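# Results of the structural survey
Listed below, chain by chain, are the residues.
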Amino acid sequence: MGELIGSLFLLGGAIFLFSAGLGVLRMPDTYNRIQTGTKATTLGTILILVGLAFLHPAWALKLIILIFFVMLTNPVSSHALARAAHAIGTAETESTVIDQLETPANEDTREQVE
Amino acid sequence: MIKRIVILLVLLMLAFIFVNLAASYSEQTSLSALGHYYVEQGPSELGAANLVTAVVVTYRGLDTLGEVTVLFISAAGVGLLLRRTRRKDDHEDLEQGDRAEETAIARKPASEIVETATELLLPMVILFGIYVFLNGHLSPGGGFQGGAIIASGTMFLLLALPESHISRLMIAITESLSGFSYVVIGVLGVILAGGFLDNRIIGLGTYGHLFSAGAIPLIYVFVGLKVGFELSAVLDRFRKEDSGPL
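Residues numbered from 1 in each chain as written. Chains lettered and ligands numbered in written order. Predicted model: local features only at pLDDT ≥ 70, side-chain atom pairs only at ≥ 80, totals over all residues.

## Overview of the overall build of chain A
Broken down by element type, chain A carries four helices and zero strands. Reading chain A from its N end, one meets helices and strands in the order α-α-α-α. Taking all 114 residues of chain A together, the buried fraction comes to 11%. Sequence separation of at least 24 residues holds for 64% of the intrachain contacts in chain A that already meet a minimum separation of 6. (Helix = DSSP H or I, 4+ residues; strand = E, 2+ residues; numbered from the N terminus. Buried ≥ 20, exposed ≤ 12 C-beta atoms within 10 Å, placed from the backbone. Contact = placed C-beta atoms within 7 Å.)

## Quick word on the overall build of chain B
Helix and strand content of chain B: nine helices and zero strands. Listing every helix and strand of chain B by position from the N terminus yields α-α-α-α-α-α-α-α-α. When the 246 residues of chain B are sorted by exposure, 26% land in the buried category. The contacts in chain B between residues at least 6 apart in sequence include a share of 71% that link residues at least 24 apart.

## Some thoughts on the packing of helix α7 (residues 143-160) of chain B against helix α9 (residues 216-237) of chain B
Residue and element names in this part refer to chain B. Interaxial distance between α7 and α9 falls to 7 Å at its minimum, and their mutual angle equals 30°. Taken together, the axis directions place α7 and α9 in an arrangement best described as roughly parallel. When you trace α7 past α9, the crossing you get is right-handed. Side by side, α7 and α9 meet where G143, F144, G146, G147, A148, I150, A151, T154, M155 and L158 of the first sit next to Y220, V223, G224, K226, V227, G228, L231, S232 and L235 of the second. (Axes fitted to C-alpha atoms, helices over the stretch in contact; angles between N-to-C directions. Parallel < 35°, antiparallel > 145°, perpendicular 65-115°, else oblique. Left-handed = near helix turned anticlockwise from the far one by under 90°.)

## Some points on helix α1 (residues 2-23) of chain B
Look at α1 of chain B: 32 Å from first C-alpha to last across 22 residues, which is about the 32 Å you get at 1.5 Å a residue. Within α1 of chain B, only zero of the 22 residues are buried, which leaves the element largely exposed. (Expected span 1.5 Å × (residues − 1).)

## Quick notes on the nonpolar core
All names here are of chain B. In terms of nonpolar packing, the biggest core is built from 28 residues, with V57, Y182, I216, I219, Y220 and V223 touching the most fellow members. The set of elements that each furnish at least two residues to this core consists of α3 (51-59), α4 (61-81), α6 (112-134), α7, α8 (168-192) and α9. With 10 residues, the single largest contributor to this core is α9. (Core = buried A, V, L, I, M, F, W, Y, C linked by C-beta atoms within 7 Å.)

## Let's talk about α6 of chain B
Between its first and last C-alpha, α6 of chain B extends 34 Å over 23 residues, near the 33 Å set by a 1.5 Å rise per residue. Within α6 of chain B, the axis deviates most sharply at L121 of chain B, by approximately 30°, and proline P123 of chain B lies no more than four positions further along. Of the surrounding secondary structure, the elements contacted by the buried residues of α6 of chain B are α3 (60-87) of chain A together with α7 and α9 of chain B. (Bend = angle between axes of the 7 residues up to and from the residue.)

## So, the packing of α3 of chain A against α6 of chain B
Contact geometry for α3 of chain A and α6 of chain B: axes closest at 10 Å, N-to-C directions at 145°. In terms of crossing hand, the pair formed by α3 of chain A and α6 of chain B is left-handed. Between α3 of chain A, through L72, T73, V76, H79 and A80 of chain A, and α6 of chain B, the contact on the second element is made entirely by I113, V114, A117, L120 and L121 of chain B. Split into classes, the residues belonging to the contact of α3 of chain A with α6 of chain B amount to eight nonpolar, two polar and no charged. (Nonpolar A, V, L, I, M, F, W, Y, C, P; charged D, E, K, R; others polar.)

## Brief notes about the confidence of the model for chain B
Residues and elements named next belong to chain B. Averaged over all residues, the pLDDT of chain B is 81; the fraction at 70 or higher stands at 87%. Predicted confidence in chain B is weakest over helix α5 (residues 88-103), with a mean pLDDT of 48, and strongest over α1, with 94. This stretch, residues 99-105, has a pLDDT under 50; its non-local contacts, to residues over four places away or in other chains, come to two contacts. Here the predicted complex carries an ipTM of 0.71, next to a pTM of 0.74. (pLDDT = per-residue confidence, 0-100.)

## A short note on the environment of F180 of chain B
Residue and element names in this part refer to chain B. Structurally, F180 is set in helix α8. The exposure class of F180 is exposed, given the 12 C-beta atoms found within 10 Å. Spatially, the C-alpha atoms of F180 and G224 are 13 Å apart, while their sequence positions differ by 44 residues.

## So, the environment of F229 of chain B
Residue and element names in this part refer to chain B. Locating F229 in the fold gives a position in helix α9. For the pair F229 and V10, spaced 219 residues apart in the sequence, the C-alpha separation amounts to 44 Å. Not counting the four nearest positions on each side in its chain, F229 is found in contact with I171, T174 and E175.

Below you can see the structure in the form of C-alpha cells.
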C-alpha cells in the first residue's frame, strides 16, 4: 500500500517536471521561462521526495529536511536571476501589459539588450 | 609557412609518444602488493572506516602536509598580489575609478528576499561543511572538501551581502593556529607513537563510531578549518573596498 502511494507521488512529480521542461521550451521570453522553470520544478522535486519517503520510510526525516532546503533555495535564486535579467534590460515579449518593477528612475540607467 | 610545418612536426611527435603510451597500457587485474596491504591491514590497524582517509592522513600523511603547504603558499601569493597599498599615486587611480563607476550601470543592492534567505542559509552551509570534515573517517569527504564547502559559504555571503564585514585578523589567526596544530599533532605522533602523523596517539575506539580512528578526526578538524579560512581569505581579497589593515 505504501508502495502504491509512493509510486503515485513519483508519477505526479515526473509529470510536473516534464511540464516544466516543456514550458521552458515554449514560453516567449526570459521572464516567463524563469517563472515556469521555478514553480513547476520546485513542486516536482517536492512530490518526488515525498514519494521516496513513502517508498523508503527510514529516510523520511532526511527527505523532509531536503524538501525544506529546496523550498528555501529554489525560489530565492530564481528571484535573484529575474531581478538581474530586468536590471540589464532584457526585453519583454510584446504582449506584456504592466511592468511593476519598472520605475522612472531606472529607465535611464537600463541599456537595451536584445 | 615554415611555422606551420614546425607546429605540425611537434604535434606528430607528441602524437607518436602518446600512441606508444596508450598501446603499452595493460589493465591491472588485481591490486598491487601495496594496495593489498592497505586494504587488508588498514581498517584493523588504524580503525578508520573510510580507507581513502586512512591512506591520505596516516599512511601518506607527509604528502598531505605538503598539500596544505601548497595551499598556504598560493593563498599568500594571492594576498601579496592583491594588496592595496595606500600611496600617493593611488589617489589618481581612485579618482579615475570613481569616474568610471558613474558612467557604468550603478550596481543595485540585493533585494530583501535574497538577504533574508542568505541569513537563513549561511549557517546551514557552514554546518554542512563542519559535518563533512568531522565525518571524514566514516563517510566520503574529509578536511579539504569540508573546507571548500565553508569557503563556498563565504562566497555566498560576499555575493548576497557585499557590505558585510569579515574580520581578516580573525581569519589569519585561526588559519595559522590550525596549521600549527596540525604539525604539532604530527610531532606528537613521533613522540608518543610510531612516527610522524601516526594516529594511534589517541585510542582507536570502536570501528565506525564518531570517536574512532585515533587522531584522524582531530587532524581533519584542523585541516578543514585551515583550508576553509584560507580560501575565504582569498575570496575576501577580491572585494573592491579595502576593509582593514591586513
